[in-house]
Amino acid sequence: MTDRIKTGVGVMVLKEGKILLGHRTDAAKDTGGIFEPGSWCLPGGKQEYKESIFECAKREVKEETGLIISDMMILGAADDIQPDRHFVTIWVLAQKCSGQAAVMEPEKQDDWQWFSLDSLPENLYSPSEKFISFYISTR
């Protein structure tokens, strides 16, 4: 990895009081992000050059889940650092979505499920866990 900081966008999609989480495949390949196969994560990914934060959020959610999101706001940001990589992850809340969540990138996620905030799965992806914890603490 390089010694440059990269930007990621994590998206909390809300629907009927639940959030969407995807299970990262155990056999996932390292694509240069924070690498934690087997964990449950919010949709999101790396921001592209000349792409706004909300454009990135919309693109990543659609690419990963097939959902179309709207009514977005930025809730915060956090450093996500591992020994060989550093991301600043921007937290976006999407309060509306349309469509049905589906596995669109089976090489990355093998399941998408809606979870109540008081009944989250174990083994949350560390950047997602920071975002979810922050959201819960400010509700």
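Just above, that's the structure.
Only a predicted model underlies this, so the values are computations on that prediction, with no experimental measurement involved.

Trainee: Help me understand the pairing of strand β5 (residues 68-82), please; the structure alone is not making it clear to me.
Mentor: The side chains of a regular strand alternate, first on one face of the sheet and then on the other. Inspection of the sheet shows β5 paired to strand β6 (residues 85-98) by 13 bridges, in the antiparallel sense. From the neighbouring strand, Met 73 faces β6, where its bridge partner is Leu 93. Hairpin connection from β5 to β6: two residues lie between these consecutive antiparallel strands.

Trainee: Which parts of the structure should I look at to understand the packing of aromatic side chains?
Mentor: The relation between two aromatic rings is expressed through the spacing of the ring centres and the mutual angle of the planes. Inspection of every chain in the model, using the stated rule, returns three aromatic pairs. Relative to Phe 115, the ring of Trp 40 has its centre 5.3 Å away and its plane inclined at 80°; by these criteria the two rings are edge-to-face. Of this pair, Trp 40 sits in strand β3 (residues 40-41) while Phe 115 sits in strand β7 (residues 109-116), and the two are 75 residues apart along the sequence. Residue Trp 40 is classed as buried on the basis of its relative accessible area of 13%. Consider the rings of Trp 91 and Phe 134, whose centres lie 5.3 Å apart with planes at 40°: the pair is tilted. Placement of the pair is Trp 91 in strand β6 and Phe 134 in helix α2 (residues 126-138), with a sequence separation of 43 residues. Classification of Trp 91 by relative accessible area gives buried; the value is 6%. By relative accessible area, Phe 134 is classed as partly exposed at 32%. In this structure an aromatic cluster arises from ring pairing among Trp 91, Phe 131 and Phe 134. The ring of Tyr 125 carries the charged tip of Arg 24 above its face, separated from the ring centre by 4.1 Å.

Conventions and cut-offs
- Residues numbered from 1 in each chain as written.
- Predicted model: local features only at pLDDT ≥ 70, side-chain atom pairs only at ≥ 80, totals over all residues.
- Heavy atoms only, no water.
- Pairing = 2+ DSSP bridges.
- Helix = DSSP H or I, 4+ residues; strand = E, 2+ residues; numbered from the N terminus.
- Phe/Tyr/Trp six-rings, centres within 6.5 Å; stacked < 30°, edge-to-face > 60°.
- Buried < 20%, exposed > 50% of the residue type's maximum accessible area, 1.4 Å probe, protein only.
- Lys NZ or Arg CZ within 6 Å of the ring centre and 35° of its normal.

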